[in-house]
Amino acid sequence: MYKHLLIPIDESALSMRVIERGVELARAFGARASFLYLQPDAQDIIDGDAGLLHAMAPALFARKYLWADGYVEAKARAWAQMNGVKADFIGGVSRGKVHEEIMATAAARAADLVVIGSHGRTTILQKLLDSVTVKLILNSPLPVFVAETGVAPETVKDRLIARFREEHAAWVALTERLVDALTVDESHIDTALVDDALDFLARFSREAHGPKEARLLAALEAVGGAAAGLATIEAQLEEELQCFAELQAAWCRRGEAGIAPARAAVMAWRDFIVSHVRDENRLLLLRADDMLSEAGWARLGQEVDGPGRQVQRDAYNDEFRRLFARFKAGKS
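Thresholds applied
Residues numbered from 1 in each chain as written. Predicted model: local features only at pLDDT ≥ 70, side-chain atom pairs only at ≥ 80, totals over all residues. Heavy atoms only, no water. Helix = DSSP H or I, 4+ residues; strand = E, 2+ residues; numbered from the N terminus. Buried < 20%, exposed > 50% of the residue type's maximum accessible area, 1.4 Å probe, protein only. Areas by Shrake-Rupley, 256 points an atom, 1.4 Å probe, with all protein chains shown as cover. Contact = heavy atoms within 4.5 Å. Core = buried A, V, L, I, M, F, W, Y, C linked by side-chain atoms within 4.5 Å. Axes fitted to C-alpha atoms, helices over the stretch in contact; angles between N-to-C directions. Parallel < 35°, antiparallel > 145°, perpendicular 65-115°, else oblique. Left-handed = near helix turned anticlockwise from the far one by under 90°. Salt bridge = Lys/Arg side-chain N within 4 Å of Asp/Glu carboxyl O.

Trainee: What am I meant to see in the overall build of the chain here?
Mentor: Looking only at helices and strands, the chain features 14 helices and 5 strands. The buried share of the chain, reckoned over its 332 residues, is 47%. If you sum the accessible surface of the chain, you get close to 16,000 Å²; carbon and sulfur atoms cover 54% of it.

Dropping the structure here:
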């Protein structure tokens, strides 16, 4: 029915849900997707509350408000890749009426369906985007699909599943950046950046994602959820450690063995992570959604998303973004 979906996205947490819904539709239709990100004009932001941040920490300002790190693009592309959907990314600065810019982009790219989210918002930019949805519905010559996102994840279950999926997208995206970094001409490889990315991925798996995954598996097994699908995930936890250890070893031995083994190892790691994340989404999260009670999700939330976890989550998110910014700077 539809062959090309245009999916406008932004920086909000709920935008990940728009990405998910848009990719889900594209996969169902056998269509390709184009993600459209229109960042606000920098001067408009500087004139607002972010002006002080711009003056004191311009690099942080660029990451937080202008999304110069490529994080939004990387997550969108990664989610499409995980689901077998061909996708590209269109970025630009909004200088007019956003709904008109969306329609113009759709026409220029020959899109035949626009997928957009609508949800409760608090900032000036967010309120603007919410009004865009209404204007787009009223004025677009193309069909508009409004993705259900809700005002915010209202239950512990919704919040945790959203966090898992957000981590999955960032994990795959960073792995793709690592593949790109190691497959350029050897003389252009940024060894310090590769070292930092490998160190971060090891800590992220060991300290953040791995423990959450293990607790979710334990919660499912406690309610009788053990089955072939969960055995697959459990086996992959061991395989993940082995595959990553092989990548680290190949990178460390590049002086004697050359760069080819490291390149082969990083591509094997990438393929494993994409497959593992697909299985987590398809087997683990869907089964947990179906089998865990509200009380079970509440207990899991206390274990993996309690008050002390916010600082760790923010730190990992910021480190993700710093690495994306460094990878993007190396490409420019």
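Trainee: What is the right way to read the side chain of Asp279 from this model?
Mentor: Following the sequence through the fold, Asp279 ends up in helix α12 (residues 260-291). Look at Asp279 and you get buried, because its relative accessible area is 10%. Not counting chain neighbours up to four residues away, the residues in contact with Asp279 comprise Thr232, Ile233, Gln236 and Leu284.

Trainee: Explain helix α6 (residues 98-108) here, please?
Mentor: Working note: α-helix, 3.6 residues per turn, so residues spaced by three or four point in the same direction. Residues Val98, His99, Glu101, Ile102, Met103, Thr105 and Ala106 constitute the buried set of α6. Where α6 terminates, the next one or two residues include Ala110, which has phi positive at roughly 60°.

Trainee: What should I look at first to understand the nonpolar core in this one?
Mentor: Burial of nonpolar side chains together is a common tendency in soluble globular proteins. By size, the foremost hydrophobic cluster in this structure holds 66 residues, and its most contacted members are Leu5, Ile9, Phe35, Leu178 and Trp269. By residue number, the principal contributor to this core is helix α8 (residues 156-182), which donates 10 residues. Sequence-distant contacts of Trp269, defined by excluding residues within four places in its chain, comprise Trp171, Thr175, Leu201, Glu240, Cys243, Phe244 and Leu247. Residues Phe164, Leu217, Leu292 and Leu300 belong to the second largest nonpolar core, which totals 16 residues.

Trainee: What is the right way to read the packing of helix α9 (residues 191-222) against α12 from this model?
Mentor: Each packed pair of helices is defined by two parameters, the angle between the axes and the distance between the axes. At a minimum axis separation of 11 Å, α9 and α12 run at an interaxial angle of 30°. Taken together, the axes of α9 and α12 are roughly parallel relative to one another. The chirality of how α9 crosses α12 is left-handed. Here Leu201, His209, Glu213, Leu216, Leu217 and Leu220 of α9 come into contact with α12, specifically with Trp269, His276, Glu280, Leu284, Leu285, Arg287, Ala288 and Met291.

Trainee: How should the pattern of salt bridges be read in this particular structure?
Mentor: Any two side chains of opposite charge can pair, so long as their charged atoms come close to each other. Tallied over the entire structure, the rule returns 15 salt bridges. Across the salt bridge formed by Arg326 and Asp196, the nearest N and O atoms sit 2.8 Å from each other. Of this pair, Arg326 sits in helix α14 (residues 309-331) while Asp196 sits in helix α9, and the two are 130 residues apart along the sequence. The salt bridge involving Arg206 is made with Glu207; its shortest N-O contact spans 3.4 Å. With relative accessibility at 53%, the residue Arg206 sits in the exposed group. Classification of Glu207 by relative accessible area gives partly exposed; the value is 34%. Within the structure, one salt-bridge network assembled from shared partners comprises Glu20, Arg21 and Arg165.

Shape is all these values report; function is a separate question.
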